[in-house]
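# Topology and contacts: notes
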Amino acid sequence: MRQALIATQQAALRDRAQKLFPGGVNSPVRAFLAVGRAPLLLGRGEGAYVWDADGNRYVDLIGGWGPAILGHAHPAVVEAVRRAAFDGFALGATHPREVDLAERIRAAMPSLERLRFTSSGTEAVMAAIRLARAATGRDLVVKFGGAYHGHVDSMLVEAGSGVATLGIPGSAGVPAAIAGTTLVLPFNDVAAVDEAFARHGQEIAAVITEPVIANAGVIAPQQHFLEHLRKATRDHGALLILDEVITGFRLGPGGAQARFGIQPDLTTLGKIIGGGLPVGAYGGRAELMALVAPEGPVYQAGTLSGHPLAMAAGAATLARLAPGNYATLETRVERLAAALSAAGKAAGRDVAVARCGPLLTLFFLAELPPNGAAALRADRDLYARFFTAMLERGVLLPPSQFEAWFPGFAHGDAEIDAIATAARESLAEMAR
Ligand code: PMP
């Protein structure tokens, strides 16, 4: 059912925010430009729901852009953070909570024999690339079009997420010499990978990939693509970096590497491992991590790295990620994906629903895109209309065609049904 949205408080706050922040926001996708709306100001989240600053409630599919797998403000996570706060915030020395969270991560993802916490996914990627270059003595890094690895200078070339959303090729301010150290290839294209290694095999330090691209909408790896990356890197003395900032603890407790059976050299993490507080991590083979300062020559540091509150939130979150939860979520999301496809068909629209585990995207495209360039052919105007129609029915989608939807364990059958019904109504309305 359509609802009238109240917007008075938000309008005033938005004016103030606009004067303070570029675009009125502290991260570009929050500006809602890609769906042609003023930015939403969210005041509160609980479970599968968020409330805007005027008190309108929405079923939330942004999920904090990934961390909120347990739902917002999970009581156990809130309590863990509250307790940790009484012990002081950043004490500037190693804290027992860092050891606790790291052991939990390593138990779930054994390829991280040793690791290092950072304060964001971007920092984790930046450090992993520096380490790969130091370990191999090479400079080139391969990435895939449409994948997003944070706002690291060299990784903004043909990046997904906000970069794709704004339709810009990269970023101003990145020196050509730095952009030139990145080789961008089409995802799922084995021949392109082989050609890159045939030409530059001796110069490639690493291939970095999201194992499932989740920043151009969702693009799953085709069969054996990740295995091929593993073999090609190994054959040429390059490292394989899996950027599991989104997929880690999202596709299952062991992340994409467990799901697809791929052993990376290095992994980057973020989002869920901080339970919604600022965190990142990189880790991998012990002998590689031994190159990191102070054991080795690769410098990387952070005043707030391993922050006790983030560690507490992360540990409380990881402690509640039972395999059964993932199975239930995946069954629900399968049902949602089928309902979305059926709704598209009933409305006579070309709709392709991409799903990998609990991650999904409804593309306004006739077929599932195999790579970032194909995803960019999706009809953004239709997505913008769909977004607004869903919002008016109390469902908050990511405000861009090129982002994953993030349902979590708090989305029960009732919420999944509400999303499916809203989609059916919205697509039908758009067909009129
Ligand atoms: N890698 C991936 C795959 C991501 O999705 C993101 C953020 N969306 C990052 C890295 C960067 O993380 P952060 O925003 O925490 O810097």
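Please read these numbers as outputs of a predicted model, since none were measured by experiment. (Residues numbered from 1 in each chain as written. Predicted model: local features only at pLDDT ≥ 70, side-chain atom pairs only at ≥ 80, totals over all residues. Heavy atoms only, no water.)

### Section: the overall build of the protein
The following threshold applies: In this text, helices come from DSSP runs of H or I with a minimum length of four residues, and strands from runs of E with a minimum of two, each type numbered from the N-terminal end. Note that the radius of gyration is over C-alpha atoms, with the globule rule given as 2.2 Å times the number of residues to the power 0.38. Under the scheme applied here, a residue whose accessible area is under 20% of the maximum for its type counts as buried, over 50% as exposed, and between as partly exposed, the area being computed with a 1.4 Å probe on protein chains only. By the convention used here, residues are in contact when the closest approach between their heavy atoms is within 4.5 Å. Asp and Glu count as negative and Lys and Arg as positive, but His and the ends of the chain are not part of the count. Charge coordinates come from a single atom per side chain, which is NZ of Lys, CZ of Arg, CG of Asp or CD of Glu.
For the protein, the helix and strand inventory stands at 15 helices and 13 strands. Its C-alpha atoms give the protein a radius of gyration of 21 Å, within 12% of the compact-globule value 22 Å for 432 residues. In terms of its C-alpha atoms, the protein occupies a principal-axis envelope of roughly 60 × 55 × 45 Å. In the protein, buried positions account for 56% of the 432 residues. Sequence-distant contacts in the protein: of pairs separated by 6 or more residues, those separated by 24 or more amount to 72%. Side chains of the protein carry 39 positive and 40 negative charges; the gap between the two charge centres is 3 Å.

### Considerations on the site of the ligand
Definition in use: One heavy atom within 4 Å of a molecule or strand is enough for the residue carrying it to be called near that molecule or strand. Here a polar contact is taken to be a pair of N or O atoms separated by no more than 3.5 Å, where protein atoms must pair a possible hydrogen donor with a possible acceptor and residues adjacent in sequence count only if both atoms sit in side chains. Working definition of accessibility: Shrake-Rupley area with a 1.4 Å probe, residue cover restricted to the visible protein chains. When residues are grouped by polarity, Ala, Val, Leu, Ile, Met, Phe, Trp, Tyr, Cys and Pro land in nonpolar, Asp, Glu, Lys and Arg in charged, and all others, Gly among them, in polar.
If you check the shell around the ligand, you find S120, G121, T122, Y148, H149, G150, E210, N215, D243, V245, I246 and K271 and nothing else. The side chain of T122 places a nitrogen or oxygen atom 2.5 Å from an oxygen atom of the ligand. In the environment of the ligand, an oxygen atom lies 3.0 Å from a nitrogen or oxygen atom belonging to the side chain of N215. Its free accessible area being 390 Å², the ligand has 82% of it covered by the protein chains. Here the residues of the shell around the ligand are counted per class, giving 3 nonpolar, 6 polar and 3 charged.

### Thoughts on the domain arrangement of the protein
Basically, it comes down to this: Domain limits in this description derive from either an automatic procedure or a database domain assignment. Reported buried area values correspond to the accessible surface (1.4 Å probe) lost by two parts on association, with both partners' losses combined. Salt-bridge detection follows one rule: a side-chain nitrogen of Lys or Arg within 4 Å of a carboxyl oxygen of Asp or Glu.
The domain architecture assigned to the protein consists of domain 1 (9-61 + 323-431) and domain 2 (75-318). Each of domain 1 and domain 2 has a C-alpha centre, and the two are 25 Å apart. At the junction of the two partners, domain 1 supplies 30 residues and domain 2 supplies 29 residues. For the domain 1 face of the interface with domain 2, the top three residues by lost area are Y326, C356 and L359, together amounting to 25%. At the boundary of domain 1 and domain 2, one finds 1 salt bridge.

### Digging into the sheet that holds strand β10 (residues 280-284)
Here is the rule we go by: If DSSP finds at least two bridges between two strands, the strands pair. Lines fitted to the C-alpha atoms define the axes, with helices restricted to the stretch that makes contact. Angles between their N-to-C directions range from 0 to 180 degrees.
Read across the open sheet, the 7 strands follow the order β4-β10-β9-β8-β7-β5-β6; overall the sheet is mixed. Among the strands making up the open sheet, the edge pair consists of β4 (114-118) and β6 (182-185). Ignoring strand direction, the axes of neighbouring strands in this sheet form an average angle of 20°. Sheet topology note: the strand β5 (residues 140-144)/β6 ladder contains 4 bridges and is parallel. What sits directly across from K143, in β6, is V184. Taken strand by strand, helix α7 (residues 190-200) contacts β5, β6 and β7 (204-209), and its axis lies near 150° from that of β6.

### Some points on unusual backbone geometry
Of note, the bond from A293 into P294 is cis; its omega dihedral lies within 30 degrees of zero at 10°. On the secondary structure map, P294 appears in the loop between α10 (286-289) and α11 (308-318). With a phi close to 50°, K271 is a non-glycine residue in the positive phi region. Tracing the backbone shows K271 in the loop between β9 (266-270) and β10.

### Quick notes on the packing of aromatic side chains
Two measures describe an aromatic ring pair: the distance that separates the ring centres and the angle between the ring planes. Where we set the bar: Here the aromatic set is Phe, Tyr and Trp, taking the six-membered ring for Trp, and pairing holds for ring centres within 6.5 Å; pairs whose planes are under 30 degrees apart are stacked, those over 60 apart are edge-to-face, and all others are tilted.
Summed over the entire model, instances satisfying the criterion amount to 8 aromatic pairs. Ring centres of F187 and F225 lie 5.1 Å apart, and the angle between their planes is 70°; on these two criteria the pair is classed as edge-to-face. Linking F187 in the loop between β6 and α7 with F225 in helix α8 (residues 225-235), this pair joins segments that are 38 residues apart in sequence. On the basis of relative accessible area, F187 is assigned to the buried category, the value being 1%. For F225, a relative accessible area of 1% puts it in the buried group. Taking 5.2 Å as the distance between ring centres and 90° as the angle between the ring planes, the aromatic pair formed by Y326 and F409 counts as edge-to-face. On the criterion of sequence distance, the pair formed by Y326 in helix α12 (residues 323-346) and F409 in the loop between β13 (395-396) and α15 (413-431) is long-range, its members being 83 residues apart.

### Notes on the environment of G408
Within the fold, G408 resides in the loop between β13 and α15. For G408 and T361, which are 47 residues apart along the polypeptide, the C-alpha to C-alpha distance reads 14 Å. Beyond its immediate chain neighbours, meaning those up to four positions away, G408 contacts I69, R250 and L329.

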